[in-house]
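# A look at the structure
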Amino acid sequence: MNDQLDVVFGALADPTRRAILARLAGGEATVTELAAPFAMSLPAVSKHLKVLERAGLISRGRNAQQRPCRLDAAPLAGVAEWVQTYRRFWEGSFDRLDEHLQELQKGGPA
């Protein structure tokens with residue numbers, strides 16, 4: 001699981017790949033459609049797609065001459081699970097901050 005999580009986080013580390021995933025969340029698209037908003041070549045976009053595909057975040061179909069890409073969000077469940085383990089920490093930090101702010105409003109110790 002940790003190896004897969006590393007691969008997924010590696011894929012998500014790049015803003016272009018995150019933008020591609022956001023676009024695919026709206027439905028499948030061809031490489032040409034995915035490349036349109038970026039100032040890069042089709043081969044460069046294809047390299048990003050290969051990283052996403054290795055991470056299991058996208059799959060490619062076959063439609064005549066085209067190979068449309070589609071989002072596969074299943075690996076993101078592992079990311080969400082990993083992040084969830086830190087939720088108690090964040091909530092505890094926010095609770096302590098809230099208590100501190102309430103003390104300041106009451107004129108308590110700073």
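What you are looking at is a predicted structure, and each value in this text was computed from that prediction instead of being measured.

Together, Asp 95, Asp 98, Glu 99 and Glu 103 line one region of the surface with negative charge. Mapped onto the secondary structure, Asp 95 falls in helix α6 (residues 87-106).

Let's shift gears to helix α4 (residues 42-54). Compared with an ideal rise of 1.5 Å per residue, which puts 13 residues at 18 Å, α4 spans 18 Å between its outermost C-alpha atoms and is within 8% of the ideal. Of the surrounding secondary structure, the elements contacted by the buried residues of α4 are α1 (2-12), α2 (15-24), α3 (31-35), β1 (58-60) and β2 (69-71). One or two residues past the end of α4 sits Gly 56, with phi positive at roughly 80°.

A surface patch of nonpolar side chains, about 910 Å² in accessible area, is lined by Phe 9, Trp 82, Tyr 86, Phe 89, Trp 90, Phe 94, Leu 97, Leu 101 and Leu 104. Along the chain, Phe 89 falls in helix α6.

Throughout the structure, instances matching the rule amount to 2 aromatic pairs. Judged by centre distance (5.3 Å) and plane angle (75°), the rings of Phe 9 and Trp 82 are edge-to-face. Remark: Trp 82 occurs in helix α5 (residues 74-84) and Phe 9 occurs in helix α1; sequence separation between them is 73 residues. Residue class for Phe 9 comes out partly exposed when judged on its relative accessible area of 32%. For the ring pair Trp 82 and Tyr 86, a centre distance of 5.0 Å and an interplane angle of 55° mean the geometry is tilted. Residue class for Tyr 86 comes out partly exposed when judged on its relative accessible area of 38%. These aromatic residues form a ring-pair network of at least three members: Phe 9, Trp 82 and Tyr 86.

What counts, and at which threshold
- Every chain is numbered independently, its residues counted from 1 as its sequence is written.
- Per-residue local features of the predicted model are confined to residues with pLDDT of at least 70, and side-chain atom pairs are confined, for both listing and counting, to 80 or more; whole-chain, interface and lining totals are unaffected and use all residues.
- Heavy atoms throughout the structure, all of them, feed into the side-chain values; hydrogens and water do not.
- Patch definition: residues with relative accessible area over 30% and no salt bridge; like charges joined within 9 Å; nonpolar side chains (Val, Leu, Ile, Met, Phe, Trp, Tyr) joined within 5 Å.
- We get accessible surface area from the Shrake-Rupley algorithm with a probe of 1.4 Å; when it comes to residues, only the shown protein chains can shield them.
- The working definition used for a salt bridge is a side-chain nitrogen of Lys or Arg within 4 Å of a carboxyl oxygen of Asp or Glu.
- Only four residue types enter the charge count, namely Lys and Arg as positive and Asp and Glu as negative; His and the chain termini do not.
- Charge positions are represented by NZ for Lys, CZ for Arg, CG for Asp and CD for Glu.
- Per the convention used, a helix needs a DSSP run of H or I reaching at least four residues, while a strand needs a run of E reaching at least two, with both numbered from the N terminus.
- Expected span of a helix: the number of residues minus one, times 1.5 Å.
- Contacts are assigned to residue pairs with any non-hydrogen atoms lying within 4.5 Å of each other.
- Pairing of aromatic rings covers Phe, Tyr and Trp, the last through its six-membered ring, and needs centres within 6.5 Å; plane angles under 30 degrees mean stacked, over 60 mean edge-to-face, and all others mean tilted.
- Burial here depends on accessible area, computed with a 1.4 Å probe over protein chains only, as a share of the maximum for the residue type. Under 20% is buried, over 50% is exposed, and the range in between is partly exposed.

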